[in-house]
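In case you want the letters, here they are:
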Amino acid sequence: MIKRLFWLLQITAFIIPVIIFLAYIIMDDGDQFTAEHYLITGLSAIPFVIVQLLKLIFSDLDKNE
């Protein structure tokens, strides 16, 4: 059960930065990114890193089941 939850969280946390990145490209009509665009796109990847850390921490729980 925990494995499925982490798969869902990983997929969701990975898709969000990609959508933000593509949204900036569409909104700016393909113009060059500014520093703010890179900052927001990078910060939106933080939830994916958090999910990976939680998966590592809780990986022992799956082995005990």
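Residues numbered from 1 in each chain as written. Predicted model: local features only at pLDDT ≥ 70, side-chain atom pairs only at ≥ 80, totals over all residues. Heavy atoms only, no water.

Trainee: Give me the lowdown on the overall build of the chain, citing residues and values where you can.
Mentor: Along the chain, the regular secondary structure elements total four helices and zero strands. Relative to its full complement of 65 residues, the chain shows a buried share of 15%. Accessible surface for the chain amounts to roughly 5,300 Å². Of this, 74% is attributable to carbon and sulfur atoms. (Helix = DSSP H or I, 4+ residues; strand = E, 2+ residues; numbered from the N terminus. Buried < 20%, exposed > 50% of the residue type's maximum accessible area, 1.4 Å probe, protein only. Areas by Shrake-Rupley, 256 points an atom, 1.4 Å probe, with all protein chains shown as cover.)

Trainee: Tell me about helix 1 (residues 2-27), and name the residues and values.
Mentor: With 26 residues, helix 1 extends 37 Å between its outermost C-alpha atoms, agreeing within 8% with the 38 Å of an ideal straight helix rising 1.5 Å per residue. Looking at the buried residues of helix 1, the elements they touch are helix 2 (35-43) and helix 3 (46-57). (Expected span 1.5 Å × (residues − 1). Contact = heavy atoms within 4.5 Å.)

Trainee: Give a detailed account of the packing of aromatic side chains, specifying residues and quantitative values.
Mentor: Counted by the stated rule, this structure contains two aromatic pairs. When the ring centre of Trp7 is taken as reference, the NZ or CZ atom of Lys55 above it lies at 5.8 Å. (Phe/Tyr/Trp six-rings, centres within 6.5 Å; stacked < 30°, edge-to-face > 60°. Lys NZ or Arg CZ within 6 Å of the ring centre and 35° of its normal.)

Trainee: Account for the packing of helix 1 against helix 2, naming residues and giving values.
Mentor: Packing of helix 1 against helix 2 brings their axes to within 8 Å, and their N-to-C directions diverge by 160°. The angle between the axes of helix 1 and helix 2 places the two elements in the roughly antiparallel class. Crossing hand, helix 1 versus helix 2: right-handed. Across from Pro17, Ile20, Phe21 and Tyr24 in helix 1, the residues of helix 2 making contact are His37, Ile40 and Thr41. Looking at the contact of helix 1 with helix 2, its residues break down into five nonpolar, two polar and no charged. (Axes fitted to C-alpha atoms, helices over the stretch in contact; angles between N-to-C directions. Parallel < 35°, antiparallel > 145°, perpendicular 65-115°, else oblique. Left-handed = near helix turned anticlockwise from the far one by under 90°. Nonpolar A, V, L, I, M, F, W, Y, C, P; charged D, E, K, R; others polar.)

Trainee: Could you give an account of the packing of helix 1 against helix 3, naming the residues involved and the relevant values?
Mentor: Between helix 1 and helix 3, the shortest axis-to-axis distance is 8 Å and the interhelical angle comes to 160°. Taken together, the axes of helix 1 and helix 3 lie roughly antiparallel to each other. Here the hand of the crossing between helix 1 and helix 3 comes out left-handed. Counting all contacts with helix 1, which are made through Phe6, Leu9, Gln10, Ala13 and Phe14, the residues of helix 3 involved are Pro47, Phe48, Val51, Gln52, Leu54 and Lys55. Here the residues of the contact of helix 1 with helix 3 sort into eight nonpolar, two polar and one charged.

Trainee: Summarise a nonpolar patch on the surface; cite the residues concerned and give the values.
Mentor: A cluster of nonpolar side chains, namely Trp7, Ile11, Phe14, Ile15, Val18, Ile19, Phe21, Leu22, Ile25 and Ile26, defines an oily patch on the protein surface of about 970 Å² accessible area. Within the fold, Val18 resides in helix 1. (Patch = residues over 30% accessible without salt bridge, like charges linked within 9 Å, V, L, I, M, F, W, Y side chains within 5 Å. Salt bridge = Lys/Arg side-chain N within 4 Å of Asp/Glu carboxyl O.)

Note that every value here comes from positions in space, so none of it alone points to a role or purpose.
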